[in-house]
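# Residue-level structure breakdown
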Amino acid sequence: MTIGGFIIKNALRNKRRALLSILSVAVSLFLLVTLLVLLRELTTPMQDADAAMRIAVRNRVSLANTLPYRQRAVIERIPGVAAITPFTFFGGKFRNEDIPSFAQFAMDPVQLTNVFGEAKLPLDQLNNWIADRSSCIIGIETAKRYDFKIGDKIKLVGTVWPADLELTIKGIYKGTPDDRNVLFHHDYMDEACGRLGIVGTWWVRAKSLEEVPLVVERINKEFKNTSAEVLAETERSFVLGFISMWGNIKILIGSISTVVVFTLILVSGSTMSMAIRERFRELAVLKALGFRRHELFAFILAESFGFAMLGALVGVGGAWLLYTNINITAATKGMFVAFELTPRIMAIGFGVASLLGVVASIMPSISMARMSVVQGLKTLD
Amino acid sequence: MALPLKYNFHNVIVRWRSTLATILGIGMVVAVYVLLQALAVGLEQNSANTGDERNYLIVRKGATSESVSQVTREQFRYLQYMDEIAKDEEGKAVLSADTMVLVSLPRKEGNGEANVLVRGVMEKGKELRPQVRLVAGRWFVPGNREVVVSRRLAARFQNFQIGEQFHVPGADLKVVGWLDGGKSAFDSEVWMDTDEARNIFGRENYTSVLVRPVDEVAASKLKGRLESSKQIAARLQRETEYYREQTKTAGPIRILGNLLATIMSVGAVFAAMNTMYATVGSRTREVGTLRVLGFHRHSILLGFLLEGAILSFIGGVLGCLLALPLHGYATGTLGFDTFSEIVFEFRLTPELLARGILFAVIIGLVGSLLPAWRASRVPVISALKSV
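Within each chain, residue numbers correspond to sequence positions counted from 1 in written order. Note on labels: chains are lettered from A, ligands numbered from 1, in written order. The predicted nature of this model means local features are confined to residues of pLDDT at least 70 and side-chain atom pairs, given and counted, to a pLDDT of 80 or more, with totals for whole chains, interfaces and linings taken over all residues. Hydrogen atoms and water are omitted, and side-chain values are computed over all heavy atoms in the structure.

Next up on the list: the overall build of chain B. A run of H or I in DSSP counts as a helix once it spans at least four residues, and a run of E counts as a strand once it spans at least two, with each numbered from the N terminus. When helices and strands are tallied, chain B shows 13 helices and 12 strands. C-alpha atoms define the radius of gyration in this analysis, and the globule rule sets the expected value at 2.2 Å times the number of residues to the power 0.38. The C-alpha atoms of chain B give a radius of gyration of 30 Å, which is well past the 21 Å a tight globule of 387 residues would have. Along the first, second and third principal axes, the C-alpha atoms of chain B reach 95 × 50 × 30 Å. Split into buried and exposed, the 387 residues of chain B put 58% on the buried side. For this analysis, residues touch if any pair of their heavy atoms sits within 4.5 Å. Residue pairs at least 24 apart in sequence account for 78% of intrachain contacts in chain B once pairs closer than 6 positions are excluded. A 1.4 Å probe and the Shrake-Rupley method give the accessible areas. Residues count as covered only by the protein chains that appear here. In the form shown here, chain B has an accessible surface area of approximately 16200 Å², with 58% of it arising from carbon and sulfur atoms. In this tally, Lys and Arg are treated as positive and Asp and Glu as negative; His is ignored, and so are the chain termini. The atom standing in for a charge is NZ when the residue is Lys, CZ when it is Arg, CG when it is Asp and CD when it is Glu. Of the side chains in chain B, 45 bear a positive and 37 a negative charge, and the two mean positions are spaced by 12 Å. Classification of residues uses two cut-offs on accessible area relative to the type maximum, computed with a 1.4 Å probe and protein chains only: under 20% is buried, over 50% is exposed, and between them is partly exposed.

Now for helix H12 (residues 350–376) of chain B. Here the expected length of a helix is defined as 1.5 Å per residue gap, with one fewer gap than residues. Between its terminal C-alpha atoms H12 of chain B stretches 37 Å, which fits the 39 Å expected from 27 residues at 1.5 Å a residue. What we call the bend at a residue is the angle made by axes fitted to the seven residues finishing there and the seven residues starting there. The largest bend along H12 of chain B reaches roughly 40 degrees and is located at leucine 369 of chain B, with the proline proline 371 of chain B sitting one to four residues downstream.

Our next topic: the domain arrangement of chain A. Residue ranges assigned to each domain were obtained from an automatic or database domain assignment. Each assigned domain of chain A is listed with its residue range as follows: domain 1 (3–45 + 247–378) and domain 2 (61–228). The C-alpha-based centres of domain 1 of chain A and domain 2 of chain A are spaced at 49 Å.

Moving on: the interface of chain B and chain A. Contacts between the two partners involve 55 residues from chain B, matched on the other side by 49 residues from chain A. Interface area, chain B with chain A, both sides summed: about 4200 Å², of which 71% is carbon and sulfur. By convention in these notes, a salt bridge is any Lys or Arg side-chain nitrogen within 4 Å of a carboxyl oxygen on Asp or Glu. In this structure, the connection of chain B to chain A is made through one salt bridge. The partner of arginine 58 of chain A in a salt bridge is glutamate 113 of chain B, with the nearest N and O atoms 3.9 Å apart. By the criterion applied in these results, polar contacts are pairs of N or O atoms within 3.5 Å in which, for protein atoms, one can donate a hydrogen and the other can accept it, and in which residues neighboring in sequence qualify only through two side-chain atoms. Where chain B touches chain A, the interface holds five residue pairs in polar contact (both at pLDDT 80 or more). Looking at the side of chain B that touches chain A, the elements that each hand over two or more residues are helix H2 (16–48), strand E2 (95–106), strand E3 (113–121), helix H9 (250–282) and strand E11 (330–335) of chain B. Among the elements that make up the side of chain B that touches chain A, the one with the highest residue count is H9 of chain B (16 residues). Of the residues assigned to the side of chain B that touches chain A, the class counts are 31 nonpolar, 16 polar and eight charged. Simply put, the buried area is the total loss of 1.4 Å probe accessible area from both parts when two parts are fitted together. Classification convention: Asp, Glu, Lys, Arg as charged; Ala, Val, Leu, Ile, Met, Phe, Trp, Tyr, Cys, Pro as nonpolar; all other residues, Gly among them, as polar.

Residues and elements named next belong to chain A. Together, Leu301, Phe305, Leu355, Val358, Val359, Ile362, Met363 and Ile366 make up a nonpolar patch on the protein surface, roughly 640 Å² of accessible area in all. Mapped onto the nonpolar patch, the elements with two or more residues apiece are helix H12 (293–325) and helix H14 (343–370). Counting residues per element, the nonpolar patch draws most heavily on H14, at six residues. Checked against the element boundaries, isoleucine 362 lands in helix H14. Patch membership needs two things, relative accessible area over 30% and no salt bridge, and members are linked within 9 Å if like-charged or within 5 Å if nonpolar (Val, Leu, Ile, Met, Phe, Trp, Tyr).

With that settled, consider the pairing of strand E5 (residues 104–107) of chain A. Residues and elements named next belong to chain A. By the alternation rule, side chains of E5 split into Gln104 and Ala106 and Phe105 and Met107, which are all buried. One requirement defines pairing of two strands: DSSP has to find at least two bridges between them. Bridge count for strand E3 (residues 81–89) against E5 is three bridges, and the pairing is antiparallel. Within E5, the position partnered with phenylalanine 89 by the bridge is phenylalanine 105. The pairing of E5 with strand E9 (residues 182–185) spans four bridges and is parallel. When the bridges of E9 are listed, phenylalanine 105 appears paired with leucine 183.

What follows deals with the environment of glycine 202 of chain B. Residue and element names in this part refer to chain B. Relative to the assigned elements, glycine 202 resides in the loop between helix H6 (194–200) and strand E9 (208–211). For glycine 202, a relative accessible area of 61% gives the class exposed. Separated by 39 residues in the primary sequence, glycine 202 and glutamate 241 place their C-alpha atoms 30 Å from one another.

Here the focus is the packing of helix H11 (residues 297–323) of chain B against H12 of chain B. All names here are of chain B. Each axis is a line fitted through C-alpha atoms, taken for helices only over the stretch in contact, and angles between the N-to-C directions span 0 to 180 degrees. At a closest axis distance of 7 Å, the pairing of H11 and H12 adopts a crossing angle of 150 degrees. By the angle class used here, H11 and H12 are roughly antiparallel. Two packed elements cross with a definite hand, and for H11 against H12 that hand is right-handed. Counted together, Arg297, Ile300, Leu301, Phe304, Leu305, Gly308, Ala309, Ser312, Phe313, Gly316, Val317 and Cys320 of H11 and Leu353, Ile357, Ala360, Val361, Gly364, Leu365, Ser368, Leu369, Ala372, Trp373, Ala375 and Ser376 of H12 form the full contact between these two elements. The scheme is simple: roughly parallel for angles under 35 degrees, roughly antiparallel for over 145, roughly perpendicular for 65 to 115, oblique for anything else. In a left-handed crossing the near helix is turned counterclockwise from the far helix by less than a right angle, and in a right-handed crossing that turn is clockwise.

All names here are of chain A. Judged by pairing direction, the sheet is mixed, and its 10 strands sit side by side in the order E4-E7-E8-E6-E9-E5-E3-E11-E1-E12 without closing on themselves. Bordering the open sheet on either side are strand E4 (93–94) and strand E12 (230–234), each of which pairs with just one other strand. Each of E5, strand E6 (135–139), strand E8 (164–173) and E9 touches helix H5 (residues 123–131); the most contacted strand, E8, lies at about 160 degrees to it. Packing against the sheet, helix H7 (residues 186–193) makes contact with E3, E5, E8 and E9, and its axis sits at approximately 70 degrees to E9.

Further remarks concern the side chain of arginine 119 of chain B. All names here are of chain B. Following the sequence through the fold, arginine 119 ends up in strand E3. On the basis of relative accessible area, arginine 119 is assigned to the buried category, the value being 1%. The contact partners of arginine 119, leaving out residues within four places of it in the chain, are Glu66, Asp98, Thr99, Met100, Arg129, Phe186, Glu189, Val190, Trp191, Met192 and Tyr243.

What follows is the structure, encoded as C-alpha cells:
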C-alpha cells in the first residue's frame, strides 16, 4: 500500500464523518463567497468604456434637488463639452409594484447615442423613438421580464412628479451594464407636469479624456454663487458617492464574513481533532513501527487539507454554478444585477480553505507529537 | 417512561472538550441571526416610535412619502382657517407647514458624503412633536440661519458641534442646539425654521403640513374635505401610520438576516451531527449498559435528542450573550424611504433572544436526530462487547 493510498483509506474509513466534514466546510465557504459577492455588488461601481468620458452634474445641495432648465444652454457653450442631455429620475409606480424593478428616466432622445453610446439598438427603432414624443425605449432585461414587445404601452403613475405617463415602446436596447431602464422624452414629461422648467441631473460627454477634469472644473465654476449651484463629477465618483451612502452596512457584512470564517475554522478544526483522537492507538502503532513524527504530521495534514479542499470545491464551485446559471436580476426582483463570482473572490475562498486545512491539523498534530508510544497504545477512547 | 436524564446531562459537561466547538459554532450562528434581526427591529421600532396619535400629516395627492410631496403656500392658507383644526389658547391653528430638503454633507473621518434630512418647521411644529426634546444649546430663532441637529447625527457628521457652522450652497448654517428624538425617525433630522429653509434652498412650496384636528370626528371630516377639494387635492394620513409604513429599509435587512441564518444553520446542523455521531460512537458500551439496566429504546432516543437540545441550548444562550453587548449600539445607513442617512440602534428584545435560543435548539434537535436514532438501535450484546 502506498502512502497516498493509506491516507485516502484512513480519511474515508468513517464515510459519514468525511461527508459531514466536507459538507460543513462547503456550506460555510458557500456563505463566505456569497457574502463577498454581495459586498462587491454593493461597493463596486459598474464600469463601462464610455464612463470615463462622462460627467454627471447634480444640484450641489443633494441629488434630490433639481436644476433649472436654463443651465443647458450655458453648459453647451462650455469648451470641451461634446454633448449634454437632461436626465431626470421619474420614479413612477408600475402596475402594483411599489418599487418597480426598472428605473425610468426622462432625457433628450437625440443625445442618447452621443452621451450613452454603449446603449445599442437598431437605427430604425432609435429614429422611431425620436420621432414619437410619447414613446420610450426599454432595456432588454425589462423587456424579457415583463414580456414587452415593440408597440406595447407602459403606464406609469407619478410619485415624485405630479403626472401619470403612458408610453409606447418603440425600441429595445442592450449593451449597458444594467439593461433595465426605461428612457423617454424629457419634453413629454415637462408637458405632462405643466412645464416646471426643471431637470434632475445633466449628463455631459467631454470631447476627450484629457479634457474631462477641465470640463468638470469649468462647469462647477460656471454656476458658483448662482441660485442653483451644481456639483459636476465624473461618472465614477458620482457612483462612488452613492456607495458611500451605504454607511455601516458594508462594515456589517464584512464583520459577518469574519465571524463565518472564524466559526468555520473552529468547527472544522474540532472535527479534525475528533477524527485524529479516535486514532490515537493506531498512530502509536505507527510510531512503534518506526514512522517519524514529521511523517505522521504529513498524514494528518494531508487528510485535513484534502477535506478542506474538497469542501471548497463543492462550496465555491456550487456558488459559481448557481450564480452563473440563475438570473439573479429576476430572482432578487432587480435588487442585484451582476452578482458575479470573480476569480479574486474564488481565490479568497480557496485561500481560506487551505488556511483552514492547515490550522485544523495543528491541534491534533501537537497532541500526537506529545504522546508517548506506551501512552498511545493504552488509550481506549 | 424513564429517561436517562442525568446521564445525558452529565455527558455534556464531562465531555466538554468535544462539545465546546459545537456549542461555540451554534453560538456564532445564533449571534449573527440575533444581531441582524436586532438591526431590523431597531429600524422598525424607530418608525413605530415616531409620531403622535393626535396628529395628521397632509401630503400631495399621489405622493408616496413626505420627501416627494409639495404643498403650496396657497393650499397652506386654506388649511390655516379650517374649523376642523384645533386652536391654541391664543386662537392660532395648531399646524406646521414643513419644508424638507436633502442636503449632501461630509461625514466625519473623511468617510465621504451622505444625504442628511433637513426639516424646516414652524413654531407649532415643535409643540406637535413633544417627543423631540432639546438636549443642549437652544432652539433656532426664526429668521436666523440657525439649525438644531440631532445629537445622534452630530456624532456622525462634520461641524455638527454646537457653535460650529457648516456650509450648504448659498448659506452657512450655524448649529445652536442638539435635539433628541427619543429613538424615533427625528433622530436622523436637522431642524430649522421652515421659511428660512425655503429661502436658502430656493423652494417656492412647502413639503407637507402636520395638523392636529380638534377630534377624531373632525379628522375624518377634514380627510373628506381635502380629498374632494379641487383647490387642495391632498392626502391626509395619521402621523403614526405614515411612519409605521416606512419599512423599505428594514425589509431587505430582515431578508438578508433570514438568508444568512438559514445557510449558516445548515452548516451548524452538519457540525452538530458530526459531534453527536462521534459521541454516540464512542459511547456504544455505555448505551449497551443503559439498555441492560432497563432503559427502553425510546428512552435512549429521547435521551440523546435531549442531549443535543441541551448542547444547542447552551450554544444559543452563548450566542445571545455574545450579541448582547451590541444592544443599544447606534449605527447608520441609507434609508430607502427618505433617501437620507438614518441613525438607529440594535434592539435586542427578549422576544428576539427567545427566538434565537429556539432557533439553536431546533438546530440541535435536527442535528442529533439521526445519531440518537442510531444509538437507540444499538444491539445490546455487541454494544457490551465493543471496546
